[in-house]
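A closer look at the structure
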Amino acid sequence: MSSCGFLNMATIGDFDPLNATIPATKVEITVSCRNLLDRDTFSKSDPKVIDNTLNPDFVRKFILDYFFEERQNLKFDLYDVDSKSTNLSKHDFLGQIFCTLGEVVGSLGGRMEKSLGVSLRLGFPALLGIPGKKCGTIIVKAEELSNCRSVMMQFCGNKLDKKDFFGKSDPFLVFYRSNEDGTFTICHKTEVVKNNLNPVWQAFKMPVRALCNGDYDRTIKVEVYDWDRDGGHDFIGEFSTSYRELSRGQSQFNVYEVINPKKKGKKKKYLNSGTVSKHFSCYMLFFFLYTFSFIWFPGNPAQPTSLHYMNPYQLNAYAMALKAVGEIIQDYDSDKMFPALGFGAKLPPDGRISHEFALNGNPQNPYCNGIDGVMEAYYQSLKSVTLYGPTNFSPVINHVARYAASIKDGSQYFILLIITDGVISDMAQTKESIVNAACLPMSIIIVGVGPAEFDAMIELDGDEVRISSRGRNAERDIVQFVPFRDYIDRTGNHILSMARLAKDVLAEIPDQFLSYMKTRGIKPSPTPPPYTPPGHPLQTQI
């Protein structure tokens, strides 16, 4: 058998250069497999460049543009290569998986593990029918190459060499990025700390690309100088590191020896010219979302004129908006259990009016399993509730704000998705609720459906004028509103319509997330903690 294998990865979907946007970042995809199906008679299967192993760690990396607000579908095909033929049908098919890039990025620590599925494929043996056969698992890891929108570093020196005759040194640092040809380019210089051998330099931030051009392992050289007024600064020493090394470690804290090569060559007992310690933190776009869905219920769903009309041949406007946004958001939700509630309806059996009722009919546990579960609960609720006004937004916002207020350590971020026809009955109270919520770890997405005017929703969005209530301005912009009708494809392509909607409505979420973390001084953890559901059931007011 040949010792060369093949891993095929493809992105599904056509690239449209006219509508292409700048990616949020580039991510490096690393692939490993465990317990692969053994297809060779006299040896183990041969995945790419790894001889006879069922547990390959592939060397090749895939660099992909990552867009938070888009659904980027991926497919991995795994083969055992038996010859030099480029025809895949000549090789043993080991399995495949489908996933999204967001699913990988949103997994704990950026690591997704899935079972490989072997299906009936033209030209390949049917393996599903063989009892007891397991195809193994594939492990896909995503690592950002340049997504740190704010790389924050702070350094301090300890026992640096004394270079001034009448005083201590006046040290400063100079950072250099290595180039492909082995030369170095200066990328940052700290301020001078006067007359101090144990200086603490001010924290500074810079783009990752400026520091290492997106290459985590590229050498970063740091030189330490003693400042002189005449510009002839005295060289104290230097050390080398890398972006990966800077960002490594549970404590985010390392110590580097400052070495002066000339001194080291002359003095046998030379140890160093002092040390430099660093504290490094980087705000990533990897975060866990806890998503609430609220749907406004106007009109009779049995009538074709209703926006809730249950057309057997296509999704209604509410369902399309929910599916478009939800399928992307769910990739970043830690447990993919969504509280889904409606507002503006009379509930059985006594016809009480509610502005917070569980779509699944269980007020003690309104969680739905994934967006498919939310969709199913939505359709079931249409058959049991009577749609009724008025439309009050403030109870909805306050509902989510109560949970966001209980978790302010940065481990969780809440997304409230409201789908409405634009009518609002409590504008003043809603403004006050948004102003109060702006200091909490939450964002509000409002999708307007139908032909109505959305002047009130545009005011709540606050892009032009920051929303205020009782003379108090919102601390942050946390509302994003879009009217669905602006994204409907003229040819009737609903998939394209939903993709356009999701792309625009989610575009502001990363910046809103980062603005909360920065204003609160929350430092990112190396690995986000898993989501822990509230200790008590989520109650809804009926």
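Scroll up to find the structure this text is about.
Small disclaimer: the values here were computed from a predicted structure and weren't measured. (Residues numbered from 1 in each chain as written. Predicted model: local features only at pLDDT ≥ 70, side-chain atom pairs only at ≥ 80, totals over all residues. Heavy atoms only, no water.)

Turning our attention to the pairing of strand β7 (residues 137-144). The side chains of a regular strand alternate, residue by residue, between the two faces of the sheet. Burial analysis of β7 places six of its eight residues in the buried class, which makes it a mostly covered element. Relative to β7, strand β2 (residues 25-34) runs antiparallel, the two being bridged by eight bridges. Within β7, the position partnered with T30 by the bridge is K141. Across five bridges, the pairing between strand β6 (residues 111-115) and β7 is antiparallel. Each bridged residue has a counterpart across the sheet, and for R111 the counterpart in β7 is K141. (Buried < 20%, exposed > 50% of the residue type's maximum accessible area, 1.4 Å probe, protein only. Helix = DSSP H or I, 4+ residues; strand = E, 2+ residues; numbered from the N terminus. Pairing = 2+ DSSP bridges.)

Here we take up the sheet that holds β7. Strands sit in the order β3-β2-β7-β6 across an open sheet of four strands; the sheet is antiparallel. The open sheet has two edge strands with one neighbour each: β3 (62-66) and β6. Put simply, the sheet's adjacent strands are angled 30° from each other on average, direction ignored. (Axes fitted to C-alpha atoms, helices over the stretch in contact; angles between N-to-C directions.)

Here we take up unusual backbone geometry. Backbone torsion omega between P348 and P349 reads 5°, so that peptide bond is classified as cis. Topologically, P349 is positioned in the loop between β18 (345-347) and β19 (352-354). Phi is positive for K159, close to 55°, though the residue is something other than glycine. Residue position: K159 is located in the loop between β8 (151-158) and β9 (171-178). One non-glycine residue, R470, lies in positive phi territory at about 55°. As for its position among the elements, R470 is in the loop between β25 (468-469) and β26 (472-473).

So, on to the pattern of salt bridges. Using the criterion set out here, one finds 13 salt bridges in the structure. A salt bridge links D161 to K263, with the shortest nitrogen-to-oxygen separation between them at 2.8 Å. Linking D161 in the loop between β8 and β9 with K263 in helix α4 (residues 261-266), this pair joins segments that are 102 residues apart in sequence. (Salt bridge = Lys/Arg side-chain N within 4 Å of Asp/Glu carboxyl O.)

This paragraph deals with the nonpolar core. Counting residues in each nonpolar core, the largest one holds 73 residues, and the members touching the most others are I29, F76, I445, V447, F484 and L506. Broken down by element, this core gets its largest block of residues, 10 residues, from helix α5 (residues 317-329). Leave out the neighbours within four places in its chain, and I29 touches R60, K61, F62, L64, F76, L101, V140, K141 and A142. In this structure, I407, F414, I418 and I424 belong to the second largest nonpolar core, which totals 30 residues. (Core = buried A, V, L, I, M, F, W, Y, C linked by side-chain atoms within 4.5 Å. Contact = heavy atoms within 4.5 Å.)

Going through the model one piece at a time under the given rule, you end up with 12 aromatic pairs. Seen from their ring centres, Y225 and F235 are 5.6 Å apart, and the 65° between their planes marks the pair as edge-to-face. Taken as a pair, Y225 in strand β12 (residues 219-226) and F235 in strand β13 (residues 234-242) lie far apart in primary sequence, 10 residues in all. A relative accessible area of 18% places Y225 in the buried class. Taken together, F155, F175 and F204 form an aromatic cluster joined through their ring pairs. Above the face of the Y176 ring, K221 is positioned so that its terminal group lies 5.3 Å from the ring centre. A cation over an aromatic ring shows up here: K221 above the ring of F184, its NZ or CZ 4.4 Å from the ring centre. (Phe/Tyr/Trp six-rings, centres within 6.5 Å; stacked < 30°, edge-to-face > 60°. Lys NZ or Arg CZ within 6 Å of the ring centre and 35° of its normal.)

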